[in-house]
Structure formats: C-alpha cells, structure tokens
Amino acid sequence: MCGIVGVISRSPVNQLIYDALLLLQHRGQDAAGIVTMLGTKCFMHKARGMVRDVFRTRNMRGLPGNVGLGQVRYPTAGNAYSEEEAQPFYVNAPFGIVLVHNGNLTNAQALKKELFDIDRRHINTESDTEVLINVVAHELEQVARDLPLTPESIFRAVGAVHKRLKGSYAVIALIAGHGLLAFRDPFGIRPLCFGEADTPDGPETMVASESVALEGTGHKLVRDVAPGEAVFIDLAGRVHAQQCAEHPSLNPCMFEYVYLARPDSVMDGVSVYQARLNMGETLAQRLISTMPPSEIDVVIPIPESSRPSAMQLAQKIGKPYREGFVKNRYVGRTFIMPGQGMRKKSVRQKLNAIASEFKGRNVLLVDDSIVRGTTSKEIVQMARDAGARKVFMASAAPPVRFPNVYGIDMPTKDELIAHNRSNEEIRQYIGADALIYQDVAAMKKVVATLNSKLQGFEASCFDGVYVTGDITAADFDTMAAQRKSQGEEEEGDDRSRLALQNAAESR
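Residues numbered from 1 in each chain as written. Predicted model: local features only at pLDDT ≥ 70, side-chain atom pairs only at ≥ 80, totals over all residues. Heavy atoms only, no water.

## Observations regarding the side chain of Thr282
Position of Thr282 relative to the elements: it lies in helix 9 (residues 272-290). Apart from residues no more than four positions distant in its own chain, Thr282 is found in contact with Gln438, Ala442 and Val446. (Helix = DSSP H or I, 4+ residues; strand = E, 2+ residues; numbered from the N terminus. Contact = heavy atoms within 4.5 Å.)

Encoded structure:
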C-alpha cells in the first residue's frame, strides 16, 4: 500500500506535492519521494522515513519545476529496507519517464524475465515498480518510434501495458516534455482520482490516491479514474481520457473502506466514513444475534479507524460510547514492525488505557479488523489491567483468513490468526470473554448500497476470492519466501544507492 500524487501547474509544485504527501502519510510511512521537472530535466529526492523527515529546506530548493509527482511508501514487494527501492523510479528512454505506483504486480517475476530476454531491458532491484516502469517505457517506445507522441498513441501504449500486467496498479507517470499520465488496473483495485483548481497563475490539475489529498490542497474533486482508464494531462493543462482495457469492471479493495483510507475521503463514489458507519450497523445486528446487549456496559473503540463503526454500533444497541484509549500518534503502525517482540512493545507505546472507563465494567472493544491477533491479545489484557470485569471484542471486518496479493502488507496465511481456526479458538487466543465478527456478505452489501456502479469488491483476505483470476499456490509460496528473505534491517549506513542527479544528498 502506498500513496501517490501528481501535479501539472503553472507555478512551482514542490510545496504542493509535499502538502499532498502529508495528507497521504497514513498510506505509507516507510519512505517518501518527490520528483519535479523543469523543461525536460528531472530533479528528485527520495529517502526512507516520514515526509517531514525526508524533505528539508535544502531538499525542497532542489526541486524546481511546475510539473511533478510524489509517493509515500509502505513496502509490499521488494526490499523494505532499501532506499534504492523507494519511489519514484526513473528511466531515461524513451523521452525520460518518472513513475510512482500503488499496488502489486502478481506476475512481476515473469515480466522481469520477459523484459530481459525479449525487450532487452535490465531490472536492477526487486521492486515491481521498476518492472512496471520498464513495461510502460517499452510500450511507449513501440507506439512512438519515428512518430510524434500524441494522447492517442499514449492510450494505445497503456492498452498494451494492460495486456501484459497482472495484479493491482494505480500509476502516475511524467513523460519529459509531454505531460502527466495516470492509469488504473482494469479491476480498479487500488484507488485513483483527479481534481482541478483555478489559481492566480492559471488552471492546475492534481491526480492522487485519495480525494482528501485534493481537497486538502484546494482542489475540487472531478472524478475517480475509472478501472482500465488512462488520463493524460498535457503541459498546457488539457485533460485527455480514454478507456484502454478490454473488459474493465469496478472491484475496489474492501480493506480501503475497512481500514486503509482516511474517513474523510470518498473513493469510487463511496464515503469511507459512511461505509464504516454502515459496517457498525451490520456489526450491531450480528452482535444482537450472538449475545444479549444487556451484558454490555460500554462500547469502546480501538483508535482510530474503528470509531465510526463503534459509534454506530453503540447507538444501535443503546449503550454508551466512550473513548477508553488514548493514542500516541508518533509511533508507527504495529503490523509493519519487524518481529513479534517489537510489535508487542509498540502496542503499549501506542495506546494507553483510561482506567476510569474500564473499572468494574463489562466493556465491548471494537476494532476495524483482527489480522495476526497479537495486538488484540495485548489490548484485551490492557483492558483487564485497567479494571474491566469482562472484555468482549468485536471486529468491524470479517475474519482475515487469506493473504492479500494486491498491495497490502497482509501476512502469509500461517501468520493470520483466523486461518484454519474457529472463532472460539481465536477468542481463547486473544483472551476475550466473547468475540463477534462482521459477516462478509453483509459487509459487501452495506458498502455496495452507497454506489450502484460498484460491480463487486476485492475482498480476498476475507473470502479467498482473487478477482484477477490468476493467483496460484505458487504465488503464495513466492510471497512467503520473499517475506522471509527480507529478514531484519541491517545496521549501518553502507546500503548502496544509485542516484538520479541530485537525489542522493545526505541529511
């Protein structure tokens, strides 16, 4: 999972992209990068860390130009500890292309071999984004050989890219001297939208992962990029769009609505906040059919994604909603921590219980989802330590039983607490007095009611159905081997870098 943004303007875009990345920081906290173009020259800075730490004044001064893009990275493929694999990626031919990508190519290894054997292109990292940019570059070269590059030829190239790629991908690319290209996979798994703003210098267009990045920077949301569609914005600011896939269908990732996206975003016509409220309502119905609400004294969310669901559930069952945990916002997400020991420590650093809300009460804790179960187990114990008489746990999402291969850092099946375990076994593991899960069909139904154009959801981590239809057991084995090979971060600063012009300025 990553956050991406691209801008074409009549004024410098470095600060604008920085501001947009801050609004997308929740989508990736491992690394950040910005590239700008002045004429046909690229200027890039990228490094590991949060946006505010990666970009200092001297870095921003080195990013001139009215066209640019940026990314915040949350590694799901390749080496999580390599600065070289932070985005954006760059190739110098044809034209000079810089690209950012949110998603995961499921056929990256096959494409890597194909690129080397047939297209004569060399891939130097384990990142599927480097594979993707080289596929895009090759197809653009094919359509533009001895011919001018036009929006129509760009769309033909994207059509050829769709035929080669498998998996999920939302892409923004800059083509030097021509403009900004954005496109989305034919299933619309990963989100992408664009908006416009009237500035004193003229019109400005932004493409981003979430609408909150547009609205927070003064842009008006125009619409989502459709599945399989390509949008090309030329240097004059004119927007060209065309459907480039043969059989597109809208199947956005359900986990975006459950957890990943900000609640103030609207994705594919669906308010994330309203989706979470609806999930809380169906979760309440599930709870009522499982246990008497009279046994519950108070409903407490586990910050922060579960709050809308918890509020709606509390209202539905007629019980008070209380904030029982205070979150430290300056600790990273727990399920990207390397190693269970560090993960457990991080939960205590991340949350602190307000004892008065727990003491002597039967509390219902509501979380957005339960993945490994280690965090839930620790939180249940925190509630008991704070004096709770009984601790019930409810998940606004169904059991996570299957790995995700489309760009979410979901563990392999053996790490998932719900894989091949009954609800009772999970309840015993986390130490709760009762455990209530969301129903898969009910969750899909209440989110689908918010946009009649939705044709389904990518909900593989809940139902085991992989919408691209090309996932095999070997893919899971490859993913597990890749996670194991990454291991722990090595100490020291001797990681090698391949720098693009001014990209490697040390801080």
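## A look at the packing of helix 5 (residues 128-144) against helix 6 (residues 151-164)
Geometry of a packed helix pair, given as the angle between the helix axes and the separation of the axes. Axis separation between helix 5 and helix 6 bottoms out at 9 Å; the angle between their running directions is 135°. As far as their axial angle goes, helix 6 and helix 5 are oblique. Regarding helix 5 and helix 6, the two cross each other, and that crossing is right-handed. Mapping the contact onto sequence places Val135, Val136, His138, Glu139, Leu140 and Val143 in helix 5 and Ser153, Ile154, Arg156, Ala157, Ala160, Val161 and Arg164 in helix 6. (Axes fitted to C-alpha atoms, helices over the stretch in contact; angles between N-to-C directions. Parallel < 35°, antiparallel > 145°, perpendicular 65-115°, else oblique. Left-handed = near helix turned anticlockwise from the far one by under 90°.)

## A look at the pairing of strand 4 (residues 67-73)
Taking burial as the measure, the seven residues of strand 4 include seven buried ones, the bulk of the element. Burial of strand 4 is two-sided: the residues Val67, Leu69, Gln71 and Arg73 facing one way and the residues Gly68, Gly70 and Val72 facing the other way are all buried. As defined by bridge partners, strand 1 (residues 3-8) adjoins strand 4 across six bridges and the pair is classed as antiparallel. Bridge assignment links Gly6 to a residue of strand 4, and that residue is Leu69. In this sheet, strand 4 lies alongside strand 2 (residues 31-38) in antiparallel orientation, the contact comprising seven bridges. Along strand 4, the bridge assignment pairs Ile34 with Gly70. (Buried < 20%, exposed > 50% of the residue type's maximum accessible area, 1.4 Å probe, protein only. Pairing = 2+ DSSP bridges.)

## Regarding the nonpolar core
Counting 35 residues, the largest nonpolar core has Met254, Phe255, Tyr257, Val258, Met410, Val447 and Phe462 as the members making the most contacts within it. Those elements that place two or more of their residues in this core are helix 8 (254-260), helix 9, helix 14 (440-448) and helix 15 (460-463). The dominant element in this core, judged by the number of residues it contributes, is helix 8, at six residues. Setting aside residues no more than four positions away along its own chain, Val447 makes contact with Met254, Tyr257, Val270, Ala275, Met279, Leu454 and Phe457. Leu99, Leu111, Leu149 and Cys244 belong to the second largest nonpolar core, which has 34 residues in total. (Core = buried A, V, L, I, M, F, W, Y, C linked by side-chain atoms within 4.5 Å.)

## Observations concerning the sheet that holds strand 16 (residues 298-301)
With respect to topology, four strands assemble into an open sheet ordered 16-19-20-21, the strand pairing being parallel. Both outer strands of the open sheet, strand 16 and strand 21 (434-437), are each paired with one neighbouring strand and no more. Direction aside, the axes of adjacent strands within the sheet are offset by 25° on average. Of the strands in this sheet, strand 19 (362-367), strand 20 (390-395) and strand 21 touch helix 9, which is tilted by about 140° from strand 21. Relative to the sheet, helix 12 (residues 374-385) contacts strand 19 and strand 20, its axis offset from that of strand 20 by approximately 145°.

## Observations concerning the side chain of Asn102
For Asn102, the position within the fold is in strand 6 (residues 97-105). Of note is the side chain of Asn102, whose polar atom sits 2.8 Å from the backbone nitrogen of Cys2. (Polar contact = N/O pair within 3.5 Å; in protein donor to acceptor, adjacent residues only side chain to side chain.)

## Here's the deal with the confidence of the model for the protein chain
In the predicted model, the protein chain carries a mean pLDDT of 90, and 89% of its residues have values of at least 70. Every residue in residues 334-339 scores below 50 in pLDDT, and together they form 20 contacts with partners more than four places removed in sequence or on other chains. (pLDDT = per-residue confidence, 0-100.)

## Quick look at the pairing of strand 13 (residues 239-243)
By the bridge criterion, five bridges tie strand 12 (residues 229-234) to strand 13 in an arrangement that is antiparallel. Across the sheet, Ala230 pairs through a bridge with Gln242, a residue of strand 13. Count of turn residues in the strand 12/strand 13 antiparallel hairpin: four residues, of which Gly237 carries a positive phi of about 90°.

## Comments concerning helix 10 (residues 307-317)
Of all the positions in helix 10, only Pro308, Ser309, Ala310, Gln312, Leu313, Ala314 and Ile317 are classed as buried. Next to the buried residues of helix 10 lie helix 9, strand 16 and strand 19. Positive phi shows up at Gly318, right after helix 10, with a value of about 70°.

## A closer look at the environment of Glu256
Note that Glu256 resides in helix 8. Distance in space between the C-alpha atoms of Glu256 and Met1 is 9.8 Å, their sequence separation being 255 residues. With near-sequence residues (within four places) excluded, Glu256 lies in contact with Arg27, Arg190, Pro191, Ala261, Met267, Val272 and Arg276.

## As for helix 1 (residues 14-23)
Helical geometry note: an α-helix holds 3.6 residues per turn, so side chains three or four residues apart project in the same direction. Burial within helix 1 is extensive, with seven of its 10 residues counted as buried. Among all positions of helix 1, only Asn14, Leu16, Ile17, Tyr18, Ala20, Leu21 and Leu23 are buried.

## Some words on the pattern of salt bridges
If you walk through the whole model with that rule in mind, you get 26 salt bridges. A salt bridge links Glu114 to Arg164, with the nearest nitrogen and oxygen atoms 2.7 Å apart. Of the two residues, Glu114 is situated in helix 4 (residues 108-119) and Arg164 in helix 6; the sequence distance between them amounts to 50 residues. Residues Glu141 and Arg121 are paired through a salt bridge, measuring 3.8 Å at the closest nitrogen-oxygen approach. Pair noted here: Glu141 is in helix 5 and Arg121 is in the loop between helix 4 and helix 5, with a separation of 20 residues, a long-range link. By relative accessible area, Arg121 is classed as buried at 13%. Taken together, the salt bridges that share partners define one network made up of Arg27, Arg190, Glu210 and Glu256. (Salt bridge = Lys/Arg side-chain N within 4 Å of Asp/Glu carboxyl O.)

## Thoughts on unusual backbone geometry
Backbone torsion omega between Gln87 and Pro88 reads 10°, so that peptide bond is classified as cis. Across the junction of Ala93 and Pro94, the peptide omega takes the value -5°, indicating a cis bond. With respect to the secondary-structure elements, Pro94 resides in the loop between strand 5 (89-91) and strand 6. Unlike most non-glycine residues, Asp146 shows phi in positive territory, near 65°. Within the secondary structure layout, Asp146 lies in the loop between helix 5 and helix 6. Exposure remark for Asp146: the relative accessible area of 79% places this residue in the exposed category. Even without glycine at this site, Asn420 takes up a positive phi of about 60°. As for its position among the elements, Asn420 is in the loop between strand 20 and helix 13 (423-430). Taking the relative accessible area as the measure of exposure, Asn420 reaches 71% and is therefore exposed.

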